[in-house]
Amino acid sequence: MSDLPHFPPGFVFGAATASYQIEGAVHEDGRGPSIWDTYSHTPGRVDGGHTGDVACDHYHRYPEDVALLRDLGVDSYRFSIAWPRIQPTGSGPANPKGLDFYSRLVDELLEAGIEPAATLYHWDLPQALEDQGGWRVRETAERFGEYAEIVAGHLADRVPRWITLNEPWCSAFLGYSVGRHAPGAREGTPALAAAHHLLVGHGLAMRALRAADVREAGITLNLDRNVPATDTPADRAAVLRADTQHNLVWTEPLLAGRYPASEQDTWGELITRQDFRRDGDLELIGRPLDFLGVNYYRPIMVADAPYREPDPAQRVATDNRYQETGYPDVRRTAMNWPVVPESFTDLLTALKDTYGDALPPIHITENGTAEHDVVAPDGAVHDPDRTAYLHSHLSALRAAMDAGVDVRGYYLWSLLDNFEWALGYAKRFGIVRVDYDTQQRTPKDSYHWYRQLIAAHRD
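No experiment lies behind these values; they were computed from the predicted model shown.

Calculation notes
- Residues numbered from 1 in each chain as written.
- Predicted model: local features only at pLDDT ≥ 70, side-chain atom pairs only at ≥ 80, totals over all residues.
- Heavy atoms only, no water.
- Buried < 20%, exposed > 50% of the residue type's maximum accessible area, 1.4 Å probe, protein only.
- Helix = DSSP H or I, 4+ residues; strand = E, 2+ residues; numbered from the N terminus.
- Disulfide = S-S within 2.5 Å.
- Core = buried A, V, L, I, M, F, W, Y, C linked by side-chain atoms within 4.5 Å.
- Contact = heavy atoms within 4.5 Å.
- Pairing = 2+ DSSP bridges.
- Right-handed = clockwise from strand over helix to strand, strands pointing away.
- Axes fitted to C-alpha atoms, helices over the stretch in contact; angles between N-to-C directions.
- 1 Å grid on protein atoms, 1.4 Å probe; cavity = no way out; pocket = protein on both sides within 12 Å on 5 of 7 lines; lining within 4 Å.
- Points joined across faces, edges and corners; volume = space filled by probe spheres on them.
- Nonpolar A, V, L, I, M, F, W, Y, C, P; charged D, E, K, R; others polar.
- Salt bridge = Lys/Arg side-chain N within 4 Å of Asp/Glu carboxyl O.
- Expected span 1.5 Å × (residues − 1).
- Arc of directions from axis to C-beta.

## Observations regarding helix α8 (residues 168-178)
Along an α-helix, residues three or four apart share an orientation, since each turn contains 3.6 residues.
Right, so step 1: Here α8 lies mainly inside the structure; ten of its eleven residues are buried.
Right, so step 2: Taken together, the buried positions of α8 are Pro168, Trp169, Cys170, Ser171, Ala172, Phe173, Leu174, Gly175, Tyr176 and Ser177.
Right, so step 3: One or two positions beyond α8, positive phi appears at glycine 179, with a value near 80°.

## Observations concerning the state of the cysteines
Right, so step 1: Enumeration over the complete set of coordinates arrives at zero disulfides.
Right, so step 2: Of the cysteine sulfurs around cysteine 56, a residue in no disulfide, the closest is that of cysteine 170, at 19 Å.
Right, so step 3: Judged by its relative accessible area of 7%, cysteine 170 falls in the buried class.

## Thoughts on the nonpolar core
Right, so step 1: Counting 142 residues, the largest nonpolar core has Phe173, Leu397 and Tyr450 as its most contacted members.
Right, so step 2: The biggest single contributor to this core is helix α9 (residues 189-211), with 13 residues.
Right, so step 3: Apart from residues no more than four positions distant in its own chain, leucine 397 is found in contact with Phe7, Phe11, Phe344, Leu348, Ile364, Val407 and Tyr410.
Right, so step 4: Counting residues in hydrophobic clusters, the runner-up holds six residues, among them Val239, Ala242, Val302 and Tyr322.

## Re the pairing of strand β10 (residues 362-366)
Right, so step 1: Where burial is concerned, most of β10 is hidden: five out of the five residues are buried.
Right, so step 2: Sheet topology places strand β7 (residues 291-295) next to β10; four bridges connect them, and they run parallel. Opposite leucine 292, over in β10, you have isoleucine 362 as the bridge partner.
Right, so step 3: Considered for its hand, the β-α-β crossover made up of β10, helix α14 (residues 384-402) and strand β11 (residues 407-413) is right-handed.

## Points about the sheet that holds strand β9 (residues 322-325)
As a general point, the strands of a sheet are linked pairwise by backbone hydrogen bonds and lie either parallel or antiparallel.
Right, so step 1: Spatially, three strands are ordered β6-β8-β9 in an open sheet, and the strand pairing comes out mixed. Edge positions in the sheet fall to β6 (226-228) and β9, since each of these pairs with one other strand and no more. Each strand axis lies, on average, 45° off the axis of its neighbour in the sheet, ignoring direction.
Right, so step 2: As paired elements, β6 and strand β8 (residues 300-304) share three bridges and run parallel to each other. Paired with asparagine 226 across the two strands is isoleucine 300, which belongs to β8.
Right, so step 3: Contacting β6, β8 and β9, helix α10 (residues 233-256) runs over the sheet at an angle of about 125° to β8.

## A short note on empty space enclosed by the protein
Right, so step 1: Throughout the structure, instances matching the rule amount to three cavities of 30 Å³ or more.
Right, so step 2: Its boundaries defined by the atoms lining it, the largest cavity holds a volume of some 100 Å³.
Right, so step 3: Contributing elements (two or more residues each) for the lining of the largest cavity: α9, α10 and α11 (263-267).
Right, so step 4: Partitioning the lining of the largest cavity into residue classes produces ten nonpolar, one polar and two charged.
Right, so step 5: Counted as a void, the second largest cavity has a volume near 60 Å³.
Right, so step 6: Lining the second largest cavity, in full, are Ile35, Trp36, Tyr121, Trp123, Trp135, Cys170, Ser171, Tyr176, His181 and Ala182.
Right, so step 7: Only α2 (35-40) and α8 provide two or more residues apiece to the lining of the second largest cavity.

## Quick look at the layout of surface pockets
Right, so step 1: Roughly 910 Å³ of internal volume is contained in the largest pocket.
Right, so step 2: The wall of the largest pocket is formed by 36 residues, among which Trp169, Cys170, Leu174, Arg298 and Trp337 lie closest to the centre.
Right, so step 3: Secondary structure elements with two or more residues in the lining of the largest pocket: α8, α10 and β9.
Right, so step 4: The leading source of residues in the lining of the largest pocket is α8, at four residues.

## With respect to the environment of proline 312
Right, so step 1: Within the secondary structure layout, proline 312 lies in the loop between β8 and β9.
Right, so step 2: Considered as a pair, proline 312 and glycine 188 are 124 residues apart in the sequence and their alpha carbons are 8.3 Å apart.
Right, so step 3: Residues within four places of proline 312 in sequence aside, it is in contact with Glu269 and Leu270.

## Observations regarding the pattern of salt bridges
Right, so step 1: Following the criterion strictly, the structure yields 39 salt bridges and no others.
Right, so step 2: Ionic pairing is found between arginine 180 and aspartate 47, a salt bridge with its closest N-O pair at 3.2 Å. Separated by 133 residues along the polypeptide, arginine 180 in the loop between α8 and α9 and aspartate 47 in the loop between α2 and α3 (58-72) bring together distant segments of the chain.
Right, so step 3: Across the pair glutamate 187 and arginine 136 runs a salt bridge, and its minimum N-O distance is 2.9 Å. Of this pair, glutamate 187 sits in the loop between α8 and α9 while arginine 136 is found in the loop between α6 (127-131) and α7 (138-155), placing the two residues 51 residues apart along the sequence.
Right, so step 4: Judged by its relative accessible area of 21%, glutamate 187 is partly exposed.
Right, so step 5: Classification of arginine 136 by relative accessible area gives partly exposed; the value is 23%.

## A few points about helix α15 (residues 445-456)
Right, so step 1: Here α15 contains twelve residues, and its C-alpha end-to-end distance of 17 Å stays within 8% of the 16 Å for a straight helix at 1.5 Å per residue.
Right, so step 2: Taken as a whole, α15 has its buried residues at Ser446, Tyr447, Trp449, Tyr450, Leu453 and Ile454. One face of α15 carries all of its buried residues, which in axial projection span an arc of 165°.
Right, so step 3: Buried residues along α15 sit against β1 (12-16), α3, α14, β11, β12 (432-434) and β13 (441-443).

## A word on the pairing of strand β2 (residues 76-80)
Right, so step 1: Judged by how many residues are buried, β2 sits mostly within the fold: five of five residues are covered.
Right, so step 2: Alternating residues of β2 divide into Ser76, Arg78 and Ser80 and Tyr77 and Phe79, and every residue in both groups is buried.
Right, so step 3: Both β1 and β2 contribute to a ladder of three bridges, which runs parallel. The residue of β2 that forms the bridge with glycine 14 is serine 76.
Right, so step 4: Two elements, β2 and strand β3 (residues 115-121), share five bridges in a ladder whose sense is parallel. Among the inter-strand pairings, tyrosine 77 is bridged to a residue of β3, identified as proline 116.

Here's what the structure looks like:
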């Protein structure tokens, strides 16, 4: 541990999970179907035909998982609340059994000396709302505000840190443009409407959280460090379009009170019709944040490219005249993502340089890696590549802090191996291995390494 940078007193060390990825129990205690239940049960959507029906069975095994967190020594645990457990159809009165589950989880965490950090939305939209238009329509944002009010009213007295949305880029663009996430649509302007309505929903949720007098409230974005494949003007322009789609569509309204100046060049005819925007939306979206959650995994190398679909009427929102290219001469994870820790530093310092005093304190709400884990003959999991990844990225995080970026905490992704969305159970991000047949939990070497790191900061 002597070769790792030391973090300041009060720095929060945590771990994170998400409801559909670990809970299972999808038909129990009044939970309604989500878009991920529908998507994963549609043949051909998820690798291996896997679903989250059981996942890690956390719904029944949460005391065991909290014990793992307590042994790990984390200050905080970031979990998400399944909207269809609280409102099975996305509207109407709360389901008492759904609220009770999260109340028991919160009490278990507090008894273990662990601070709960709750995410209101980690992609499991009630299917009934998708049937009415999903995030394409403003009514879903309004229902989200009502849901936030219900949850905050029951848990705000015990949960100090709240996140409205996790990675709205994935919800809007993987869900409504790429089609690789639920609900699996491939659309143009409706996907841009979904992005906007997610931000409106965030603003309405922030209003509800403020009314409940929570200690801290923010949003989590998966911001990407986009770099040009070459130093040509064409590739640099392609990077701006990539930045607009991945980053600026969120950070400009949230932190600067404006829409991206580059949106017309990025989306062309798709952004010309803006009837999904209303007067006052920017003020609602731009409510002050107590913190910005940042999820980071890898950089993206970008090159100029023509539209894949010349006809704007058929074009999806992620067809922006650029292509992702190979990142040369670096190690790749099991996700085939390049490992470039210095890009983590660059991303964070660029945020500070761009937004200055408008940038709130940052929590790294996800960072981690899927690796090719192997169970040794003695049952242990030796995962040196994951440990090396965590080591290098925590060092890169400290470098950003030394450069003046105000980072208050770090949540490792993930506590458990889990349902990895469209990739099913083939990819393992956890520092605890889950045997999906027996549900046995086995801490990996990276778990023990992280525990030692945290303990070193307690001395």
